[in-house]
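Spelled out, the chains give:
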Amino acid sequence: MPRVPVTTSRREQILTEAARLFARHGFHGVSIDGIGAAVGVSGPALYRHFPSKEGLLAEMLVGISEHLLAGGQERAAEHTDPVDLLDALIAFHTDFALRQPELITVQDRDLANLPDDARRRVRGLQRAYVEIWVGALVRAGLAGSDEAARVAAHAAFGLMNSTPRSTTHTGADVAAGILTTMTRAALHAHPV
């Protein structure tokens, strides 16, 4: 059976290349012309898709935050058992981290470059995503309080989000198994 080519919009291509360039060089180290060249258009042509370089970064980081929250909500709706939910959340987040490590780097390094309203939106979406983890951890008896569960969730993110560094020495399949096992073990080892 012939493979069906995956088509992406010009907008998606721009976001993907911008993420790659921002991860490699930092937001301020990349020009509109550089992003345009990476997707085969002039820099000013990008303004047909995004109002500014900051607008492009905002769409990138708001978009991925919306994706994570929607994925977390979907898994929470599918899994009533909190341990099963945690396993599903770990698999989901690890898969995201391994597929899009550039976005983790950009988020870590360039969130401060967002306009205030976009930064508040990203932070609100992130808090909502964290609360899905908090609820699962508390219901599973793996954290004695919401505060402890938040610390545990952020520690788990630290493990899973290490992918920009961890996959340089191994393949994504090996990294996925290691990160999943370690994250699960860390959450279950957390003292109540």
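Since this is a predicted model, take the numbers as computed values, not measurements.

*Asks:* Please clarify how the pattern of salt bridges should be interpreted in this entry.
*Replies:* Following the criterion strictly, the structure yields nine salt bridges and no others. A salt bridge links Arg99 to Asp95, with the shortest nitrogen-to-oxygen separation between them at 2.9 Å. In this pair, Arg99 and Asp95 both sit in helix H4 (residues 82–99), four residues apart, roughly one turn of the helix. Between Arg150 and Glu131 there is a salt bridge; the shortest N-O distance is 2.7 Å. Highlighted residues: Arg150 in helix H7 (residues 146–160) and Glu131 in helix H6 (residues 116–139), separated in sequence by 19 residues. With relative accessibility at 29%, the residue Arg150 sits in the partly exposed group.

*Asks:* Help me out: how do you make sense of the UniProt feature "DNA-binding region" (unreviewed entry) in the protein chain in this one?
*Replies:* The UniProt record annotates "DNA-binding region" (unreviewed entry) at residues 31–50. Within residues 31–50, the helical portion is 40% and the strand portion 0%, while the C-alpha atoms at the span's ends are 14 Å from each other.

*Asks:* Help me understand helix H9 (residues 172–189), please; the structure alone is not making it clear to me.
*Replies:* End to end, H9 covers 25 Å across 18 residues, agreeing with the expected 26 Å (1.5 Å per residue, within 8%). Inspection of H9 places Ala175, Leu179, Thr180, Thr183 and Leu187 among the buried residues, and these make up the whole buried set. Along the axis of H9, the buried residues cluster in a sector spanning 125 degrees; they form a single face. Structural note: H9 exposes Asp173 and Ala189 on the side pointing more than 90 degrees away from its buried face.

*Asks:* How should I be thinking about the side chain of Thr180 in this particular structure?
*Replies:* Mapped onto the elements, Thr180 comes out in helix H9. A relative accessible area of 16% means that Thr180 is categorised as buried. Ignoring sequence-local partners within four residues, the contact set of Thr180 consists of Ile90 and Thr94.

*Asks:* What am I meant to see in the packing of H4 against H9 here?
*Replies:* For any two helices packed against each other, the geometry is given by the interaxial angle and the distance between the axes. Their axes nearest at 10 Å, the elements H4 and H9 cross at an angle of 145 degrees. The interaxial crossing formed by H4 with H9 has right-handed handedness. Where H4 approaches H9, its residues Val83, Asp87, Ile90, Thr94 and Leu98 are matched on the opposing element by Ala172, Ala175, Ala176, Leu179, Thr180, Thr183, Arg184, Leu187 and His188.

What counts, and where the lines are drawn
Residues numbered from 1 in each chain as written. Predicted model: local features only at pLDDT ≥ 70, side-chain atom pairs only at ≥ 80, totals over all residues. Heavy atoms only, no water. Salt bridge = Lys/Arg side-chain N within 4 Å of Asp/Glu carboxyl O. Helix = DSSP H or I, 4+ residues; strand = E, 2+ residues; numbered from the N terminus. Buried < 20%, exposed > 50% of the residue type's maximum accessible area, 1.4 Å probe, protein only. UniProt positions renumbered as here; feature names shortened; annotations may be inferred. Expected span 1.5 Å × (residues − 1). Arc of directions from axis to C-beta. Contact = heavy atoms within 4.5 Å. Axes fitted to C-alpha atoms, helices over the stretch in contact; angles between N-to-C directions. Left-handed = near helix turned anticlockwise from the far one by under 90°.

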